[in-house]
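Summary of the model geometry
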Amino acid sequence: AEKRLDHLRETIKKWDSVDRMRQELRHWLRAKQEELADIESQPTKLHSEAAELDVERLKDDWEELLGQLDILLHERETAKAAARTLQAHQDTMDEDLENYVRELERIDRADNPMLSKSREMQVSSLPLSSCKCLCLCEEIQDLVTSCDLVA
């Protein structure tokens, strides 16, 4: 019975020490939670070195951004200049084509004066008798044939 009581006393002492340790841990945990709450409530303070590094990074980022903007502006100006040059070439080509068409029309009129005369007569709305038309058409054919022989 004595042994049993000694064993129970030892077990109770161990449980008491465990309870004390639990209370001490709870107390320590509460203290740490209070410290953390105090630290969280205070405004953050940057160390001067960390702040300087952040400022340098921001400056570098800003300079890189400005460099990229300069590149984009330069590319835009280059594209605008190329577009202007292309438009000028296109305008020149349009003028050349118009001049070419006019020249071809002039050559066509100069080479075929009778054909242009017949076209003018076909376009005109003056009433002509069928006999006069036939005579005129025959004359035109004769002129065209004589021009072909000369050429």
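All figures in this text were calculated on a predicted structure; none of them were measured in a lab.

Rules of the game
- Residues numbered from 1 in each chain as written.
- Predicted model: local features only at pLDDT ≥ 70, side-chain atom pairs only at ≥ 80, totals over all residues.
- Heavy atoms only, no water.
- Helix = DSSP H or I, 4+ residues; strand = E, 2+ residues; numbered from the N terminus.
- Buried < 20%, exposed > 50% of the residue type's maximum accessible area, 1.4 Å probe, protein only.
- Areas by Shrake-Rupley, 256 points an atom, 1.4 Å probe, with all protein chains shown as cover.
- pLDDT = per-residue confidence, 0-100.
- Patch = residues over 30% accessible without salt bridge, like charges linked within 9 Å, V, L, I, M, F, W, Y side chains within 5 Å.
- Salt bridge = Lys/Arg side-chain N within 4 Å of Asp/Glu carboxyl O.
- Lys, Arg positive; Asp, Glu negative; His and termini not counted.
- Charge placed at Lys NZ, Arg CZ, Asp CG, Glu CD.

Observations concerning the overall build of the protein chain
Looking only at helices and strands, the protein chain features four helices and zero strands. Listed N to C, the secondary structure of the protein chain is α-α-α-α in terms of helices and strands. Evaluated residue by residue, the protein chain yields a buried proportion of 2% over its 151 residues. For the protein chain, the computed accessible surface area is about 14500 Å², with 59% contributed by carbon and sulfur atoms.

Details of the confidence of the model for the protein chain
With 72% of its residues at a pLDDT of at least 70, the protein chain reaches an overall mean of 78. When mean pLDDT is compared element by element in the protein chain, helix 1 (residues 2-41) scores highest at 88, while helix 4 (residues 130-150) scores lowest at 56.

Some words on a nonpolar patch on the surface
On the surface, a nonpolar cluster with roughly 500 Å² of combined accessible area is contributed by Trp 62, Leu 65, Leu 66, Leu 69 and Leu 72. Within the fold, Leu 65 resides in helix 2 (residues 48-111).

A word on a negative patch on the surface
A contiguous patch of negative charge, built from Glu 49, Glu 52, Glu 56, Asp 60, Asp 61, Glu 63 and Glu 64, is present on the exposed surface. Mapping Glu 63 onto the fold places it in helix 2. Given a relative accessible area of 52%, Glu 63 falls into the exposed group.

Here's the deal with the pattern of salt bridges
Scanning all chains against the criterion turns up five salt bridges. With a shortest N-O distance of 3.8 Å, Glu 35 and Lys 32 are connected by a salt bridge. Placement of both Glu 35 and Lys 32 in helix 1 is noted, with a separation of three residues, approximately one turn of the helix. For Glu 35, a relative accessible area of 42% gives the class partly exposed. A salt bridge links Glu 98 to Arg 102, with the nearest nitrogen and oxygen atoms 3.6 Å apart. One end of the pair is Glu 98 and the other is Arg 102, both in helix 2 and four residues apart, which spans about a single turn.

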